[in-house]
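Take a look at the letters that make up each chain.
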Amino acid sequence: MRMKKIIYTNEKHIMEEYIPPKKEKPIDVNIVVNPNIKYQKHLGFGGALTDAACISFNYLPEVIKEIYLKAYFSEEGLNYNLLRYPLGSCDFSDHSYHYLNDDNLDSLSIECDKDRIAMYKRIADIQKDLTVFAVPWTPPSFMKDNNEMCHGGKLKPEYYDIYSKMLLKSVDLLRKEGLNIKVLNTQNEPLAKQVWESCIYTGSEESDFVSHYLMKNQSFYNLNDLSYGIWDHNRDVLIKRIQETFSGDLKPENVSFICFHWYSNQDFEQLDEIHKLYPNLHLVMTEGCVELLLNTNKEKSIGNFSHAERYAHQMINDFNHYCEGYIDWNLSLDSQGGPNHVGNFCEAPVMISKDGDMKLMYSFHAIAHFSRYIVPGAYRIQSSSDNPDIELVSYENRDKSLVSVILNRSETTHTINDPYEEGLSLELSPHTICTVIYKK
């Protein structure tokens, strides 16, 4: 018995089931899907539990909070199983803070995270198999050579040891609160001097910090099962940076994840080269969002459909170049694109007004085209299109169902062959995302 389902989204139709037109047009794009050729195993999808996400979540009345959580973390929703968790404040906090304000580790406190911890516990009630990536944006100000948490600066060499212990103790305390932190990334965007929380590390400094301090001290906190991720910045200099990081005492076998963000450029081929050089390491996209220039540019305004296309384009191409998991930025934001203590407003897939009105953005539905149907443990399979207007990526799930996500970003309606049933076709309107699910 065969069963097929086709879901599509564009500016006028959201996650609707495709009904073939009565009169089919001639096929002008040929796509091929070959489940016999398999590539990387899929880890899952997720978002970031920032202060801004938590603050906006708490604007909601209780009944809508439950809808929010199920929309993201249930199988009927986005089926998220990954979370990114900032250690201390980031730009998407309403103020700067950290867990430690002096060099006495006994005074370390995660009390400031009580609201985020409470939200995490509600998430975990729905999604029982969460994996958390924890990452700091900066050390405390007294540990840095610029004596502030923002505007870059560097960790002073004399604080490498205590800072590593501070991070590890923070992970240990958060685990004791129930957070399933499996991965610790060294630093968010370690080459970016930002007006918000930031800190600069060269590749050799990141290598030294992980190999000589974090790894050395992790057993003291019973964290021998903790994995490490490196880079957590843009694709553009990925190869150069990772080679520099592994040129010191830190070796590929000491880390598990190479993490990257989608900003700066679309050099997806860098991921291919990294996979070729380090095939045992997992490539995970750990931050991407639409930055906003409010009231100045329609394409940068909240709710534009081009944002959904950007998500689909980035995901298709990252997955086709060995990316194994996708973690979006803030789970939700307020209607302005914050809170953000430096005014770096962005769009999230869920936007919430202060009076508790929740709206799902087009980007939410773009993610759904992937995360609702491609499950953890799926394998990417070979697929291709003979027309650059049509982009696609395909997977085989553990139950042997096949999933293809297809994107038409062009201004042209294209008719493509059905990848799973010979003699049938699929008409794709301009600016449309489509998912084809096929079960034998």
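Bear in mind that the values here come from a model prediction, so they are computed numbers and not experimental data.

*Asks:* Help me understand the packing of helix H5 (residues 203-217) against helix H6 (residues 238-245), please; the structure alone is not making it clear to me.
*Replies:* Helices that pack against each other are described as a pair by the angle of their axes relative to one another and the distance between those axes. Packing of H5 against H6 brings their axes to within 7 Å, and their N-to-C directions diverge by 45°. Here H5 lies oblique to H6, going by the angle between them. Crossing angle aside, the handedness with which H5 passes H6 is right-handed. Residues Gly-203, Ser-204, Glu-206 and Ser-207 of H5 pack against Arg-241, Glu-244 and Thr-245 of H6. Here the residues of the contact of H5 with H6 sort into no nonpolar, 4 polar and 3 charged.

*Asks:* Looking at this structure, how should I read H5?
*Replies:* What sets the pattern is the α-helix's 3.6 residues per turn: residues three or four places apart point alike. Under the 1.5 Å per step criterion, the end-to-end length of H5 is 20 Å for 15 residues, consistent within 8% with the ideal 21 Å. Considering bend angle alone, the principal kink of H5 is centred on Val-210 and spans about 30°. Of the positions making up H5, those classed as buried are Gly-203, Glu-206, Ser-207, Phe-209, Val-210, Ser-211, Leu-214 and Asn-217. Buried residues along H5 sit against helix H4 (160-176), strand E7 (181-185), strand E8 (227-234) and H6.

*Asks:* What exactly am I supposed to notice about the pairing of strand E4 (residues 44-48) here?
*Replies:* Where a strand is regular, its side chains alternate between the two sheet faces. Burial analysis of E4 places 5 of its 5 residues in the buried class, the great majority of the element. Looking at chain direction, E4 and strand E12 (residues 323-330) are connected through 4 bridges and run parallel. Directly across from Ala-48, in E12, lies its bridge partner Asn-330. Taken together, the 3 bridges between E4 and strand E5 (residues 82-87) define a ladder with parallel strand orientation. Looking at E5, one finds that Gly-46 is bridged to Leu-82.

*Asks:* Can you walk me through the packing of aromatic side chains in this structure?
*Replies:* One pair of aromatic rings is described through two measures. These are the centre distance and the angle between the planes. Counted under the stated rule, the structure contains 26 aromatic pairs. Aromatic side chains Tyr-39 and Tyr-322 sit 6.2 Å apart centroid to centroid with 80° between the ring planes, which places their arrangement in the edge-to-face category. You can see Tyr-39 sitting in strand E3 (residues 31-41) and its partner Tyr-322 sitting in the loop between helix H8 (305-319) and E12, a full 283 residues away along the chain. On the basis of relative accessibility, which here comes to 27%, the residue Tyr-39 falls in the partly exposed class. What links up through ring pairs into an aromatic cluster is the set Phe-57, Tyr-68, Tyr-72, Phe-73, Tyr-80 and Phe-364. Above the face of the Tyr-85 ring, Arg-116 is positioned so that its terminal group lies 4.0 Å from the ring centre. The lysine or arginine in question, Arg-380, covers the ring of Tyr-322, its NZ or CZ lying 5.3 Å from the ring centre.

*Asks:* When you look at the sheet that holds strand E16 (residues 358-360) in this model, what are you seeing that I'm missing?
*Replies:* Strands pair in a sheet through their backbones, by hydrogen bonds, and they do so in one of two ways: parallel or antiparallel. The strand order across the open sheet formed by 3 strands is E13-E15-E16, and the pairing between neighbours is mixed. Every interior strand has two partners, whereas the edge strands, strand E13 (332-334) and E16, have only one. Pairwise comparison of adjacent strand axes, ignoring direction, gives a mean angle of 25° for this sheet.

*Asks:* How should the pattern of salt bridges be read in this particular structure?
*Replies:* A side chain of one charge can pair with a side chain of the opposite charge if their charged atoms are brought near each other. Scanning all chains against the criterion turns up 21 salt bridges. Residues Lys-4 and Glu-421 are paired through a salt bridge, measuring 3.4 Å at the closest nitrogen-oxygen approach. You can see Lys-4 sitting in strand E1 (residues 3-9) and its partner Glu-421 sitting in the loop between strand E20 (414-417) and strand E21 (425-428), a full 417 residues away along the chain. A salt bridge links Asp-318 to Arg-235; its shortest N-O distance comes to 3.0 Å. Placement of the pair is Asp-318 in helix H8 and Arg-235 in the loop between E8 and H6, with a sequence separation of 83 residues. Looking at Arg-235, the relative accessible area reads 0%, which means it is buried. Linked by salt bridges that have partners in common, Lys-4, Asp-418 and Glu-421 make up one network.

*Asks:* Sorry, what's going on with the nonpolar core here?
*Replies:* Note on soluble globular proteins: their nonpolar side chains tend to be buried together. Ranked by internal contacts, the top residues of the largest apolar core, which has 115 residues, are Tyr-68, Leu-184, Leu-331 and Phe-370. The element contributing the most residues to this core is H4, with 8 residues. Excluding anything up to four places from it in sequence, Tyr-68 contacts Ala-53, Phe-57, Leu-60, Met-119, Leu-331, Ser-332, Val-350, Ile-352 and Met-358. Counting residues in each nonpolar core, the second largest holds 18 residues, with Val-29, Ile-406, Ile-416 and Leu-428 among its members.

*Asks:* Help me out: how do you make sense of the sheet that holds E7 in this one?
*Replies:* In space, the 8 strands of this closed barrel follow the order E4-E5-E6-E7-E8-E9-E10-E12, with parallel pairing throughout. Here the strands of the sheet are splayed against their neighbours by 30° on average, with no regard to which way each runs. For E5 and strand E6 (residues 131-136), the ladder comprises 6 bridges, and the chain directions are parallel. Each bridged residue has a counterpart across the sheet, and for Leu-87 the counterpart in E6 is Pro-136. Against the sheet, H8 contacts E4, strand E9 (257-261), strand E10 (282-287) and E12, and its axis sits at roughly 150° relative to E12.

*Asks:* Please explain empty space enclosed by the protein as it appears in this structure.
*Replies:* To find the voids left in a structure, one rolls a probe of water-molecule size over its atoms. In total, this model carries 1 cavity of 30 Å³ or more according to the counting rule given. As a volume, the largest cavity reaches approximately 40 Å³. Elements represented by at least two residues in the lining of the largest cavity include exactly E4, H8 and E12. Considering only residue class, the lining of the largest cavity consists of 6 nonpolar, 1 polar and 1 charged.

*Asks:* Teacher, can you tell me more about the confidence of the model for the protein chain here?
*Replies:* The predicted structure's coordinates, where accompanied by low pLDDT, should not be read in detail. Within the protein chain, residue pLDDT values average 96, and 98% of them lie at 70 or more. Least confident of the elements in the protein chain is E1, whose mean pLDDT is 90; most confident is E6, at 99.

*Asks:* It is not clear to me how the layout of surface pockets should be interpreted in this structure. Could you clarify?
*Replies:* Size it by volume and the largest pocket reaches roughly 780 Å³. Lining the largest pocket are 33 residues, with Asn-79, Val-375, Pro-376, Gly-377 and Arg-398 sitting closest to its centre. Top element by residues in the lining of the largest pocket is E1. It accounts for 3 residues. When grouped by side-chain class, the residues that make up the lining of the largest pocket number 12 nonpolar, 9 polar and 12 charged.

Thresholds applied
Every chain's residues receive numbers from 1 upward, in the order its sequence appears when written. Confidence filtering applies because this is a predicted model: local features only for residues at pLDDT of at least 70, side-chain atom pairs given and counted only at 80 or more, and all residues used for totals across whole chains, interfaces and linings. To get the side-chain values, take all heavy atoms of the structure and skip hydrogens and water. An axis is simply a line fitted to the C-alpha atoms; with a helix, the fit covers only the stretch in contact. Between two such axes, the angle follows the N-to-C directions and lies from 0 to 180 degrees. Counting from the N terminus, the helices are DSSP H or I runs at least four residues long and the strands are E runs at least two residues long. Roughly parallel here means an angle under 35 degrees, roughly antiparallel means over 145, roughly perpendicular means 65 to 115, and every remaining angle is called oblique. Whether a crossing is left-handed or right-handed is set by the direction in which the near helix is turned from the far one by less than a right angle, anticlockwise for left-handed and clockwise for right-handed. In what follows, residue pairs with any heavy atoms lying within 4.5 Å of each other are defined as contacts. The nonpolar class holds Ala, Val, Leu, Ile, Met, Phe, Trp, Tyr, Cys and Pro. Asp, Glu, Lys and Arg form the charged class, and all remaining residues, Gly among them, are polar. Multiply 1.5 Å by the residue count of a helix minus one, and that product is the helix's expected span. Bend, at a single residue, is the angle you get between axes fitted to the 7 residues ending at that residue and the 7 residues starting at it. Only protein chains enter the accessibility calculation, which uses a 1.4 Å probe; a residue whose area is less than 20% of its type maximum is buried, one above 50% is exposed, and one in between is partly exposed. If DSSP finds at least two bridges between two strands, the strands pair. For Phe, Tyr and Trp, where Trp contributes only its six-membered ring, two rings pair if their centres lie within 6.5 Å, and the inter-plane angle classes them as stacked under 30 degrees, edge-to-face over 60, or tilted in between. Distance and angle both matter: a charge sits over a ring if NZ of Lys or CZ of Arg is within 6 Å of the ring centre and within 35 degrees of the ring normal. We define a salt bridge as a side-chain nitrogen of Lys or Arg found within 4 Å of a carboxyl oxygen belonging to Asp or Glu. Only buried residues count toward a nonpolar core, which is a set of Ala, Val, Leu, Ile, Met, Phe, Trp, Tyr and Cys residues joined through side-chain atoms within 4.5 Å. Throughout, the protein atoms alone are placed on a 1 Å grid, and a set of points is a cavity if a 1.4 Å probe fits but cannot get out or a pocket if it is open with protein on both sides within 12 Å along at least five of seven lines; lining residues have an atom within 4 Å of a point. Grid points are joined across faces, edges and corners, and a volume is the space filled by probe spheres set on the points. Known as pLDDT, the predictor's per-residue confidence is scaled from 0 to 100.

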